[in-house]
Amino acid sequence: METEREEVRVGSKFPLSFWEMAVASVVVLGFVMGLLGVYLTMPASDYSFLKLPRTLEDLQILRDHLDNYTSDYTAQVLVGYCVVYIFMQTFMIPGTVFMSLLAGSLFGVFKGVALVVFTATTGASSCYFLSKLIGRPLLFSLWPDKLSFFQAQVAQRRESLLNYMLFLRLTPTLPNTFINVASPIVNVPYHIFFLATVIGLIPAAYVTVRAGLALGELQSLGDLYNFRSVATLFLIGIVSVTPTLMGKCKS
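Residues numbered from 1 in each chain as written. Predicted model: local features only at pLDDT ≥ 70, side-chain atom pairs only at ≥ 80, totals over all residues. Heavy atoms only, no water.

1. Points about the overall build of the protein
Here's step 1: The helix and strand tally for the protein stands at 10 helices and zero strands.
Here's step 2: Along its sequence from the N terminus, the protein presents helices and strands in the succession α-α-α-α-α-α-α-α-α-α.
Here's step 3: Taking all 251 residues of the protein together, 43% fall into the buried category.
Here's step 4: Long-range contacts, defined as pairs at least 24 residues apart, comprise 77% of the intrachain contacts of the protein with a sequence gap of at least 6. (Helix = DSSP H or I, 4+ residues; strand = E, 2+ residues; numbered from the N terminus. Buried < 20%, exposed > 50% of the residue type's maximum accessible area, 1.4 Å probe, protein only. Contact = heavy atoms within 4.5 Å.)

Next up, the structure:
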């Protein structure tokens, strides 16, 4: 009996709940199986063009080569795309904006937005769980001031946390990478984090994916977010927090 009590106490101290561990395990297993499936089913060819794009020129070369495979090996390209995007999001590797542009160029607006929102949400979720396990020392050493600000804001907005998280996702107030890593540390519940991510990423994903349709016309990443695009995202973000502000005024 005493041994069972000790096991319960030890289990309760573990950073992840059973369901969080289950979701994290599914992500890891899907990542491994996806890579293996793509490797085993793609035809023999020269894949030296496959690398993470760092410039628009790299992205255009990658798009031109993948165009030859997408029609005949759609499933493999989709799985490979998802695995790479989720990996980049999980481990905070810069360049997901290029992957969003690639989605629009290869799959069009509707499928591209759905793909980007799915992979970005999955990658953000796995980053959330990973940070919950090992992220605290990293955050306190790299972004102590930013973490203190975020923690204070979350504490003040507990009753309307979903609206606040939506505002952060819709606007560039805080980087999405920081939000992914810091949310479990400042006790943002996963269901709030998940809903805000799914809904909040749609507008920015649409802007980026749509730009991917005219990839050859882009001169720089600055062309993606002109004043009109940024103003629109801010407007949507303000709308998301308006109910909270009105509630405070009435009280």
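Moving on from the coordinates now.
2. Comments concerning the environment of Pro 94
Here's step 1: Note that Pro 94 resides in the loop between α4 (74-90) and α5 (96-142).
Here's step 2: Exposure remark for Pro 94: the relative accessible area of 57% places this residue in the exposed category.
Here's step 3: It is 9.6 Å that separates the C-alpha atoms of Pro 94 and Leu 52, two residues lying 42 residues apart in sequence.
Here's step 4: Excluding residues within four positions of it along the chain, Pro 94 makes contact with Arg 54 and Met 88.

3. Structural notes on the pattern of salt bridges
Here's step 1: Summed over all chains, the structure comprises three salt bridges.
Here's step 2: In this structure, Asp 64 engages Arg 63 in a salt bridge whose closest nitrogen and oxygen atoms are separated by 3.0 Å.
Here's step 3: Ionic pairing is found between Arg 63 and Asp 67, a salt bridge with its closest N-O pair at 3.9 Å. Note that Arg 63 and Asp 67 are positioned in helix α3 (residues 56-70) at a spacing of four residues, about one turn of the helix.
Here's step 4: A single network of salt bridges, built from pairs that share partners, joins Arg 63, Asp 64 and Asp 67. (Salt bridge = Lys/Arg side-chain N within 4 Å of Asp/Glu carboxyl O.)

4. Let's talk about helix α7 (residues 161-170)
Here's step 1: Taking burial as the measure, the 10 residues of α7 include nine buried ones, the bulk of the element.
Here's step 2: Leu 161, Asn 163, Tyr 164, Met 165, Leu 166, Phe 167, Leu 168, Arg 169 and Leu 170 are the residues of α7 that are buried.

5. Remarks on the packing of helix α6 (residues 144-156) against α7
If you want to describe how two helices pack, look at the angle between their axes and the distance between the axes.
Here's step 1: α7 packs onto α6 with a crossing angle of 140° between their chain directions and a minimal axis gap of 10 Å. Residues Phe 149, Phe 150, Gln 153 and Val 154 of α6 pack against Leu 161, Tyr 164, Met 165 and Leu 168 of α7.
Here's step 2: Grouping the constituent residues of the contact of α6 with α7 by class yields seven nonpolar, one polar and no charged. (Axes fitted to C-alpha atoms, helices over the stretch in contact; angles between N-to-C directions. Nonpolar A, V, L, I, M, F, W, Y, C, P; charged D, E, K, R; others polar.)

6. A few points about the nonpolar core
Here's step 1: Leu 56, Leu 59, Tyr 81, Leu 101, Leu 102 and Val 116 are the most contacted members of the largest nonpolar core, which has 31 residues in total.
Here's step 2: When residues of this core are traced back to their parent elements, those giving at least two are α3, α4, α5 and α9 (190-212).
Here's step 3: With 12 residues, α5 is the largest single contributor of residues to this core.
Here's step 4: Not counting residues up to four positions away in its chain, the partners in contact with Tyr 81 are Met 99, Ser 100, Leu 102, Ala 103, Leu 115, Val 116 and Thr 119.
Here's step 5: Of all hydrophobic cores here, the second largest spans 27 residues; its members include Leu 174, Ile 185, Val 186 and Ala 196. (Core = buried A, V, L, I, M, F, W, Y, C linked by side-chain atoms within 4.5 Å.)

7. A closer look at the side chain of Thr 197
Here's step 1: Structurally, the position occupied by Thr 197 is in helix α9.
Here's step 2: Engagement of the side chain of Thr 197 in a polar contact is seen with the side chain of Arg 169, the distance being 3.0 Å.
Here's step 3: In this structure the side chain of Thr 197 is engaged in a polar contact, spanning 2.6 Å, whose partner is the backbone oxygen of Phe 193. (Polar contact = N/O pair within 3.5 Å; in protein donor to acceptor, adjacent residues only side chain to side chain.)

8. Some points on the UniProt feature "transmembrane region" (unreviewed entry) in the protein
Here's step 1: Mapped onto the present numbering, the UniProt feature "transmembrane region" (unreviewed entry) falls at residues 21-42, 78-102, 109-131, 190-213 and 225-246.
Here's step 2: Across residues 109-131, helical content stands at 100% and strand content at 0%; the span's end C-alpha atoms are separated by 32 Å. (UniProt positions renumbered as here; feature names shortened; annotations may be inferred.)

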